[in-house]
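Structural features, examined
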Amino acid sequence: MEWKDLLCERLLSSTSEQSEDASLLQCVCYGLGHFESCVSARFQLAMLLLLLETLQIPVSSCCVYDPVFSPSECDALKELGFTVLTENEEGKRAVYQPTLFYLMHCGKALYNNLLWRNWTPRTLQKMTIIGNSFNGIQERMLQRELERDYSFLSRVSLPSNMIGVCEETPLSCSSRFLDVFNDTALIQFPLENLNKLPECTWTEPSEPLYQHCQDLEIIQREKD
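Residues numbered from 1 in each chain as written. Predicted model: local features only at pLDDT ≥ 70, side-chain atom pairs only at ≥ 80, totals over all residues. Heavy atoms only, no water.

- In the annotation of an unreviewed UniProt entry, the protein chain is listed under the name SRR1-like protein isoform X5 and assigned to Danio rerio.
- In its Sequence similarities (unreviewed entry) section, the UniProt record describing the protein chain reads: "Belongs to the SRR1 family." (UniProt positions renumbered as here; feature names shortened; annotations may be inferred.)

Below, the structure written as structure tokens:
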């Protein structure tokens, strides 16, 4: 219920400021996992359905993808009304309207790819993420490695003594669901924060390659 109150206040109000029609809000879910066999994944799927209902987002307006989904899991998601993607986007999805990304315990490269693909103030402000705490990621990594391997993630999660880009609100988690929703946050990108950064920040961002990452934490699509 704490999630419901907080997310309704933050997401519905921010959407209404950007669009008169809140139903334009889309949702994308990556990395749900094997919910047929994994209890944690089933809880995360149940939470996604509750969020869609609360935020008045049609289930059909929510795209889901995980390269590990089995055919029966895809069929189950389609029966629930989800749009099941068939291509591994690696998180590189362009945002054109206010969009909620539901990314529970996803790899850092997926967040980094998503940020790269939408690396403009006008686009980032349309994104809202429910997923891993960026502050938590920063605290667990050496800053030089974060900057080298995940430069876009690094730039939005700057140390507190520097100009920050995103607003992060921790989402509380009871001990019962600690392994399901731990370290989860609501992450938004207010335009006023984005506009504080130098203009050169947004100049011709290079696509991430991850040449130095031995454990990328995501499944990449097969190369042609």
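Picking up after the structure, the text goes on.
**Here's the deal with the packing of aromatic side chains**
- For the structure on display, the rule yields eight aromatic pairs.
- Clustering of aromatic rings is evident, with ring pairs tying together W3, F43, F177 and F181. (Phe/Tyr/Trp six-rings, centres within 6.5 Å; stacked < 30°, edge-to-face > 60°.)

**Some thoughts on the side chain of E168**
- Within the secondary structure layout, E168 lies in strand β6 (residues 167-170).
- Buried charged residue E168 carries no salt bridge. Nearest counter-charge: R140, at 8.9 Å.
- Polar contacts involving the side chain of E168 include one to the main-chain amide nitrogen of F134, which spans 2.9 Å.
- Here N135 takes part through its backbone nitrogen, which lies 3.2 Å from a polar atom of the side chain of E168.
- Setting aside anything within four residues of it in sequence, one finds E168 in contact with S133, F134, N135, A185, L186 and I187. (Helix = DSSP H or I, 4+ residues; strand = E, 2+ residues; numbered from the N terminus. Buried < 20%, exposed > 50% of the residue type's maximum accessible area, 1.4 Å probe, protein only. Lys, Arg positive; Asp, Glu negative; His and termini not counted. Salt bridge = Lys/Arg side-chain N within 4 Å of Asp/Glu carboxyl O. Polar contact = N/O pair within 3.5 Å; in protein donor to acceptor, adjacent residues only side chain to side chain. Contact = heavy atoms within 4.5 Å.)

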